[in-house]
Amino acid sequence: MNQYSKLVSTEIAKVLRETPFELDLSVDDVMQLLEVPSDSSHGDHAFPCFTLAKQLRKSPAMIASDLADRVQAQLTESDAFSQIKSVGPYVNFHVDSSHRAKSLIPAIVFGDFLSRRPDKACRVMVEYSQPNTHKAFHVGHTRNVALGDALVRICEWAGYDVIAANYIGDVGAHIAKCLWYFRTFYTGEIPDERRGEFLGEMYTRAVELLDFSLLTRAPHPGVVTARVQSIQPHPNKKNLQIVKVESGNQVNQVVCGGTGFAVGDIVPYANVGSRVGGRIVSVADFEGVESNGMVCSEKEVSLGDDNLKIFVFPNETLVGEEIAEILRVDGALPPTQSVIKEIEKRERGVSEVLHALEQGEPEITELWKKTRQWSLDEFDEIYEWLNARFDHIFYESDVSDSGKSVVKEFLEKGVLVKSEGAIGADLSQFKLPFFLLLKSDGTGLYSTKDIALAQLKFEKFKVDKSVYVVDYSQSLHFQQVFKTLGLMGFEKADLCYHLPYGLVVLPEGKMSSRVGNIILFSELQERLVDTIRTQYLSKYEGEWSEDEINASARRIAIGTIKYGMLNHDNNKNIVFELTEWTSRTGNTGPYVMYAYARIASILAELDEIDENEIQYELLTHETENDVMRRLANFPSVVCEAAESYQPQLVCVYVYTLAKDFNRMYENCPVKQAETESLRVARAALIKATGMVIKKALELIGVEAVERM
RNA sequence: GCCCCGGUAGCUCAGCUGGAUAGAGCAACUGACUUCUAAUCAGUAGGUCACAGGUUCGAAUCCUGUCCGGGGUGCCA
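Just so you know, these numbers come straight off a predicted model, no measurement behind them.

J.: I'd love a proper account of the overall build of chain A, names of residues and values included.
T.: Within chain A, the regular secondary structure consists of 21 helices and 22 strands. Counting only residues that meet the buried cut, chain A has 50% of its 708 residues in that class. At a minimum sequence separation of 6, the contacts of chain A that also span at least 24 residues come to 72%. Looking at chain A as shown, the accessible area adds up to about 33,400 Å², and 48% of this sits on carbon and sulfur atoms. Counting 75 positive and 101 negative side-chain charges, chain A places the centres of these two groups 3 Å from one another.

Pasting the structure below:
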């Protein structure tokens, strides 16, 4: 949407109202139909005549030709268009390049073309990054920061009142695991720097020890083999069966919904009190029939993906044995040592730490505070280096208590319901699964805190819109959060938006601490800065100050990372290969930055431009026109990026602008222009181009460099 | 099972509110540095837009179905 499309639409609407057309289309209707030709040789705006053909019962081409003549006749006074012409079924409008230059270039260079759009009186909170303390910060987290920070900048420019928020995970099981390992097993030195990363290492080692699939293929203590004695249909419920299983010298009756087993089969049986799928198996009543324990599906005992099909052991398997022992991994533990005991011992260790943390025991709390700060300090360094801004930081520890009370409050109000001893929201009216908010043991969940956090955002920060930048694996979770907030009566719940994004994966697959192929942020940072320094900036050693070389290397590294992270569809995974990212030319951040540096170096050798001396009509070259056409689009691209939460649009834009510029650079010399006045006009154009590139880069969080 | 997301050149990706000949980068090949910075530019080659129907004057784009890949699916975060 710009001045020309409005002008075109107005004129077309006017002509259409007259004979012989006599069609009453509003200016907006026409503007809707108007399009930008994919090939710029077709002009700047095109009006397709297909839709009119039916109503007028004439061929689109004839209508186009007639329409072109009449609009042309009407616009004889205006010098806005150099050509209005029908091509087949289209009416093509070519904007006069000097007309455009006259309004566009001064607006950019001397006017407010690049300033923030008018205030929308809409406060939007963008929550992003959300790192966990006691865990490593890796390249995947960097994508989130790049996205969130760019969104903050873009929305702000588009006129929103933006609060950039962080939500740091400083409580929970991962911390207990980290501290458990650190206290129980670690005997080495504590490093002086990068202590956050060190904690990440502690956490990773803890996870390795707690990965019981390395000890047994079925890490489920309390689940034993049992023989099926009888199967009878359930009297009241079609999908259920009453199964009697015998293990050891006991026979138990179980109500079971699984399939794929028969009398005589040996199946996994979880006794009352054991734990399957994270919850304790208890005596339950299924439609009037008592069930003692459960018969487990493949998935429930980690032996397959099917959640309905009951796992069946070979017929010669011993009955009444722990399945974890039967399926133990050879060599993982000495044969004399019990897998079950080892699993239980390690789990107990972690849960003792977790419990102590929740009870606020002094010693462990001190350790928590101290180590938490190590991580926080490291995050600060990372954000500072990346130039990411936060206006407010929430901590999970701040909302964990309030979350529980909010849930209880809304349980009493009848908004939330009790189910199987736990509390949650019934979202079946929205065709969403039940949303668990408080565990049956009364402890909170991630969801509990999210509800309290949202309440805080609405009530204390008075936000109108709330954006959550969180990876796509949590899409369902946020749908549930927002619907629950709606049930709780928050009017702004509909204005919450989860911005999902894909993972950063390696060519060989996902990053995983188990495979040990995680690329830490610090590694990315170091390798990138190093490559840029040695490959590109070494030629300036001695010429530039050491400070400038360092500063430039950092900015170019940031440009590489952020542009690389943002120039993808949000939903898609990014395949990350460090060597490619450090060496690639072409569609990259440095390509765009290089275009800016070229402009800066030309301008540095020219005199200051006098606004009154610019003769815009001299800018007639095709490549110059392409650049100007692109420049004019800047505001609408940024606004669209803000509305659709797609910083990528800004990347695509600034890349094509840089490409247009480089083409112009080859064809239209500035310093060696034929005449002095042409030099001035071109200088003004490249100045405007440079300013737009710089602003666009700034909006994706990248600082341009004057030379590189 | 159900829900969500994706499938475009050898590779990595744009294009998706329907519109003119489906575009970039990388890799390959050809050419351009006595020239405002070659981190560049000009060119060659590379396509059954997963598949099949449907809607339409017109479909990579919208609808339906199928296949393939990823994610999620009540006591993890």
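J.: So what's going on with the side chain of Ser552? Residues and values would help.
T.: In this fold, Ser552 is placed in helix α16 (residues 546-566). Contact partners of Ser552, with chain neighbours within four places excluded, come to Leu537, Trp544, Val705 and Arg707.

J.: Account for the environment of Lys58, with residues named and values stated.
T.: If you trace the backbone, Lys58 turns up in the loop between α3 (50-56) and α4 (60-74). In this structure Lys58 touches Ala53, Ile63 and Asp66, once residues within four positions along its chain are discounted.

J.: Explain the protein's contact with RNA strand B to me, and be specific about the residues and the numbers.
T.: Neighbouring RNA strand B are 62 residues, the closest being Glu35, Lys439, Asp569, Tyr594 and Tyr665. The sugar and phosphate moieties of RNA strand B supply 58% of its atoms located within 4 Å of the protein. Here a phosphate oxygen of RNA strand B sits 3.1 Å away from a polar atom, N or O, in the side chain of Lys54. Looking at the surface near RNA strand B, the elements that each hand over two or more residues are α3, β3 (90-95), α15 (521-537), α18 (589-604) and α20 (648-667). If you tally residues by element for the surface near RNA strand B, the top one is α20, at eight residues. Here the surface near RNA strand B is built from residues that sort into 27 nonpolar, 19 polar and 16 charged.

J.: Now, about helix α8 (residues 195-210): what can you tell me, with residues and values included?
T.: Between the first and last C-alpha of α8 there are 23 Å, a value that for 16 residues agrees with the 22 Å anticipated at 1.5 Å per step. Taken residue by residue, α8 has Gly196, Glu197, Phe198, Leu199, Gly200, Met202, Tyr203, Thr204, Ala206 and Leu210 as its buried positions. Buried-residue contacts for α8 involve α7 (173-184), α10 (339-359), α11 (362-386) and α15.

J.: Can you tell me about the sheet that holds strand β18 (residues 435-438), naming the residues and giving the values?
T.: An order of β16-β17-β18 is seen for the three strands of this open sheet, with the pairing classed as antiparallel. What marks the edges here is a single partner per strand, and that holds for β16 (417-419) and β18. Taking each pair of neighbouring strands and ignoring which way they run, the sheet shows an average axis angle of 50°. Where β16 lies against strand β17 (residues 422-425), three bridges are found, and the strand directions are antiparallel. Note that in β17 the partner of Lys418 across the bridge is Ile423. Strands β16, β17 and β18 of the sheet are contacted by helix α12 (residues 396-412), whose axis makes an angle of about 115° with β18. Against the sheet, helix α14 (residues 475-487) engages β17 and β18, with an angle of about 70° to β18.

J.: Before we move on, can you summarise the packing of aromatic side chains with the specific residues and values?
T.: In the structure shown here, the tally under the stated rule is 28 aromatic pairs. The interplanar angle of 85° and the centroid separation of 5.3 Å between the aromatic rings of Trp180 and Phe185 together place this pair among those described as edge-to-face. Exposure remark for Phe185: the relative accessible area of 37% places this residue in the partly exposed category. Both rings, one in Tyr540 and one in Trp544, keep their centres 4.1 Å apart while their planes meet at 10°; by these two values the pair is stacked.

J.: Before we move on, could you go through the pattern of salt bridges and cite the residues and values that matter?
T.: As enumerated under the stated definition, the model contains 33 salt bridges in all. Arg70 is paired through a salt bridge with Asp66; the nearest N and O atoms lie 3.1 Å apart. In this pair, Arg70 and Asp66 both sit in helix α4, four residues apart, roughly one turn of the helix. Note on Arg70: relative accessible area 35%, which makes it partly exposed.

J.: Break down the sheet that holds strand β6 (residues 223-233) for me, with residues and values.
T.: The antiparallel open sheet is built from five strands, whose spatial order is β8-β7-β6-β9-β14. Two strands lie at the open edges of the sheet, namely β8 (250-256) and β14 (294-295), each paired on one side alone. Inspection of the sheet shows strand β9 (residues 266-270) paired to β14 by two bridges, in the antiparallel sense. Bridge assignment links Ala270 to a residue of β14, and that residue is Met294.

J.: Account for the state of the cysteines, naming residues and giving values.
T.: Such a bond, covalent and formed between the sulfur atoms of two cysteines, is termed a disulfide. As enumerated under the stated definition, the model contains zero disulfides in all. No disulfide involves Cys496; its sulfur sits 12 Å from the nearest other cysteine sulfur, which is in Cys122. Judged by its relative accessible area of 8%, Cys496 is buried. Here Cys651 is not cross-linked by a disulfide; its sulfur's nearest cysteine counterpart is in Cys155, at 15 Å. Accessibility expressed as a relative area gives 0% for Cys651, which makes it buried.

J.: For the pairing of strand β7 (residues 241-247), give the residues involved together with the corresponding values.
T.: Relative to β7, β6 runs antiparallel, the two being bridged by six bridges. Within β7, the position partnered with Ser230 by the bridge is Lys244. Bridge count for β7 against β8 is seven bridges, and the pairing is antiparallel. Its bridge partner being in β8, Val245 is matched across the sheet by Asn252. Between β7 and β8, which pair antiparallel one after the other, the connecting turn spans two residues, and Gly248 there sits at a positive phi close to 60°.

J.: Please set out α11 residue by residue, giving values where relevant.
T.: For α11, built from 25 residues, the straight-helix expectation of 36 Å at 1.5 Å per residue is met to within 8% by its first-to-last C-alpha distance of 36 Å. Just downstream of α11 lies Asn387, where phi reads positive at about 65°.

J.: Talk me through a negative patch on the surface; I want residue IDs and the actual numbers.
T.: A cluster of like negative charges, contributed by Glu189, Asp192, Glu193, Asp377, Asp380, Glu381 and Glu384, occupies part of the molecular surface. Looking at the secondary structure, you find Glu189 in the loop between α7 and α8. According to the relative accessible area criterion, Glu189 is exposed, its value standing at 69%.

J.: With reference to specific residues and values, describe the packing of α7 against α8.
T.: Pairs of packed helices are described in terms of their axes, by the angle between the two and the distance that separates them. Put simply, α7 and α8 touch, their axes get as near as 8 Å, and they point 90° apart. One way to sum up the angle between α7 and α8 is to call them roughly perpendicular. Across from His174, Lys177, Cys178, Trp180, Tyr181 and Phe182 in α7, the residues of α8 making contact are Phe198, Leu199, Met202, Tyr203, Arg205, Ala206, Leu209 and Leu210. Looking at the contact of α7 with α8 residue by residue, the classes come out as 11 nonpolar, one polar and two charged.

J.: So what's going on with the side chain of His138? Which residues, and what values?
T.: Relative to the assigned elements, His138 resides in the loop between β4 (123-127) and α6 (139-157). At 3.0 Å, the side chain of His138 and the backbone nitrogen of Gly140 are in polar contact.

About the thresholds
Residues numbered from 1 in each chain as written. Chains lettered and ligands numbered in written order. Predicted model: local features only at pLDDT ≥ 70, side-chain atom pairs only at ≥ 80, totals over all residues. Heavy atoms only, no water. Helix = DSSP H or I, 4+ residues; strand = E, 2+ residues; numbered from the N terminus. Buried < 20%, exposed > 50% of the residue type's maximum accessible area, 1.4 Å probe, protein only. Contact = heavy atoms within 4.5 Å. Areas by Shrake-Rupley, 256 points an atom, 1.4 Å probe, with all protein chains shown as cover. Lys, Arg positive; Asp, Glu negative; His and termini not counted. Charge placed at Lys NZ, Arg CZ, Asp CG, Glu CD. Near = heavy atom within 4 Å. Polar contact = N/O pair within 3.5 Å; in protein donor to acceptor, adjacent residues only side chain to side chain. Nonpolar A, V, L, I, M, F, W, Y, C, P; charged D, E, K, R; others polar. Expected span 1.5 Å × (residues − 1). Pairing = 2+ DSSP bridges. Axes fitted to C-alpha atoms, helices over the stretch in contact; angles between N-to-C directions. Phe/Tyr/Trp six-rings, centres within 6.5 Å; stacked < 30°, edge-to-face > 60°. Salt bridge = Lys/Arg side-chain N within 4 Å of Asp/Glu carboxyl O. Disulfide = S-S within 2.5 Å. Patch = residues over 30% accessible without salt bridge, like charges linked within 9 Å, V, L, I, M, F, W, Y side chains within 5 Å. Parallel < 35°, antiparallel > 145°, perpendicular 65-115°, else oblique.

Read these as geometric descriptors, not functional statements.
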